[in-house]
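# Summary of the model geometry
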Amino acid sequence: MLITVLKSKEDIECVAKGKTICVTCEGCKEVHFPEVEAIELVKELNPTGNVITEYVCNPDNLKVQLAKHMDKLNAADTVLVFSCGVGVQTVSDNFRDKKVYAACDTYPLPGGQGVTPLEFDCEQCGECYLNGTGGICPITACSKSLVNGQCGGCKDGKCEVDKEMDCGWERIYKRLEKLGLLDEMRYPAKLRNFNLMYEESK
Amino acid sequence: MRISELFKKGEMVITAEVGPPKGCHPEHLIHEADEFLKDVTAINVTDSQSSKMRMGSLATCKGLKDAGHEAIFQLTCRDRNRIALQADLLSAAYFGIENLLLLTGDHPSVGDNPQAKPVFDLDSVSLLHAVGELEKGVDLGGNELEGAPPKFCKGAVVSACSDSVDVQLAKMEQKVKAGAEYFQTQAVYDSEKFIKFMERAKQFGVPVMLGLIIPKNAGMVNYMSKNVPGISVPEAIVDELKADKEKTSSGATGVEITARIIKECKDYCQGIHIMALGWEKFVPDVLKMAGLKA
C-alpha cells in the first residue's frame, strides 16, 4: 500500500513553468490519492490541458490514453504528473525530451501491494526526488540509492553490482544533459530523511 | 598535521595506501611502514577495501600514528549510518587523526561478505557535508557538540580516466561544494587522459593527487582494465609488462612504468598517491626514479 500527498504549492509552481500540461492518475483508489486537492490545484495552475486517466503506471494503458491528447502534449514545455512515483517515471519514460515533474510525494502504508510487475519502482521515500533527476528515480535506479550523483563503480555505463544494469546516475546525467537541465545537479549536498517513511504512515 | 596545510604551501604531497590485515595483528603492516614508507607525507588506510572485511581503518590509523606516521583515515558510507559515521569521526579527532578520505564505498555484494546489508545512509557528498557540520560544532541532527569542535583535512576521490568522465566531473563539483579540500584519483595508466582530465578539473581550484598502482604483471593490468571501474590501461603498457617476464616479476618494470607516469603527470597535479597493494617495498624506488626523493 502507499499514500500520495501533494507537494507544496510553492514546490509545484517552481517546476510548472511554461506551457504546462497535467496528467492526473485516478487509478488505484487504495493509494488515498488527494483527488479533490489535486483538482483544485490544477484549476489554479491553469494548464493547457489535464489528462485524467486510470493507472498512469501501466505503460500500455498510458500510451493509449496519451495518444488521445498528443497535440497538446507535444506542444507543452512541461508535464506535471499527479500520481505515485511509478506513474511519474512511466510518463517520463514516454517523454524523454520533455520536462516531466512530480506533483506528489509518495509514502508507504502497511498492506498488500499491487499485482502488476513494472519496469519502474517507487520506494515511497516521502520526498520524491524525480523533479531534480529528469524523471529517473535515484533511489530505485541506483544500486546504492545515492542522491548526490554517480559513485566510482560505473564501468562502460554499467553498475558495479550487475553488469547488465545501467548505472542510474549515468542515465540521469544523460537525461538532464539532453533536457538542458544539468544545473539541477548543482545543488547543495542532499541528505535523505528516513524518518519520513515512518512518520506519514502512522 | 593536516595535509591541506602542505598543499597551501605548494608542496608536492606524497601518500601511500595500506590495507589493514584480515585479522587483529597489524604489526607487520606497521613494520613495513617503518621500513619503506618513511619518505611519504602520510599513509592512507583503507576501510575494508573492495567490501572485503578487514581490521578497521581507524584502529590501524591509530597504530600508525603511535608509531610516528601521519595517517589518513579512509571512511566509507557502506557499513555505517550517519550516527556511526559521526561517532567514528569524533573518535578519530580524539586520536589526533586529522586527515580524512571520504568515500561512498563499494557495494557489499562485490566483497567477501555479500550477505551484508548495504547502508549508504549518507554518500561521499553528504559525508563531506557532515564533517563540515561537525567542524562547525553541530551534528547532522542540528545538536551542538560539547567543547571545541574537531578540525580535519577533508579528502575525496575522483576517477580521472573514467569512461564517464563528464559524470565524474559533475560529482567532483558536488564534492568541492560540500567541502572537499583535496582529491585522490583512481589509478592512472594513461598520462594523456589524466592531463586532459586535469585541464578540466583545475577550474575547481582544489589540489589533485595522481593515483597510481604499481603494475605487477600483464594479467593484473588486463584484469583491472576489464573489470575495475575507472581504470583503463593502454596496450603499450601491457606489452611492456609482457616483454621481459623476469624483469617484470622482479618489480623493475612496474617501478619504471610508475615512475614514468609520475614524471609525465607531476606538473599537472599537486600530489602523488601510491597504492602499492603489497609492494610497499618498491615505493622508495618509485619515488627515487621519479626524482621526487633523493
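Keep in mind it's a predicted model, so treat the numbers as computed, not measured.

Here we take up the interface of chain B and chain A. Counting residues at the interface gives 33 residues for chain B, matched by 28 residues for chain A. Of the roughly 2,500 Å² buried where chain B meets chain A, counting both sides, 50% is carbon and sulfur surface. Among the residues chain B hides against chain A, the three largest losses belong to Val167(B), Gln174(B) and Pro229(B). Together they make up 21% of the total. Our count for the contact surface shared by chain B and chain A stands at one salt bridge. For the salt bridge of Arg186(A) with Glu173(B), the shortest nitrogen-to-oxygen distance reads 3.1 Å.

Overall, the coordinates contain 29 salt bridges over all chains when judged by the stated rule. Between Arg186(A) and Asp183(A) there is a salt bridge; the shortest N-O distance is 2.5 Å. We note a salt bridge from Asp47(B) to Arg78(B), for which the minimum N-O separation is 3.9 Å. Here Asp47(B), found in the loop between strand 2 (42–45) and helix 3 (57–66), pairs with Arg78(B), found in the loop between strand 3 (71–76) and helix 4 (82–94); they are 31 residues apart in sequence, far enough to count as distant. For Asp47(B), a relative accessible area of 7% translates into the label buried.

So, on to the nonpolar core. Counting residues in hydrophobic clusters, the biggest one holds 82 residues, and the most contacted among them are Met172(B), Tyr189(B), Phe194(B), Leu210(B), Ile261(B) and Ile272(B). Once residues within four sequence positions are removed from consideration, Phe194(B) is found in contact with Ala160(B), Cys161(B), Thr185(B), Val188(B), Val208(B), Leu210(B), Cys265(B) and Cys269(B). Core analysis: the next-biggest nonpolar cluster, separate from the first, contains 37 residues, Cys22(A), Ala38(A), Leu41(A) and Leu146(A) among them.

Reading the values: rules and limits
Residues numbered from 1 in each chain as written. Chains lettered and ligands numbered in written order. Predicted model: local features only at pLDDT ≥ 70, side-chain atom pairs only at ≥ 80, totals over all residues. Heavy atoms only, no water. Contact = heavy atoms within 4.5 Å. Buried area = accessible area lost by both parts, 1.4 Å probe. Salt bridge = Lys/Arg side-chain N within 4 Å of Asp/Glu carboxyl O. Helix = DSSP H or I, 4+ residues; strand = E, 2+ residues; numbered from the N terminus. Buried < 20%, exposed > 50% of the residue type's maximum accessible area, 1.4 Å probe, protein only. Core = buried A, V, L, I, M, F, W, Y, C linked by side-chain atoms within 4.5 Å.

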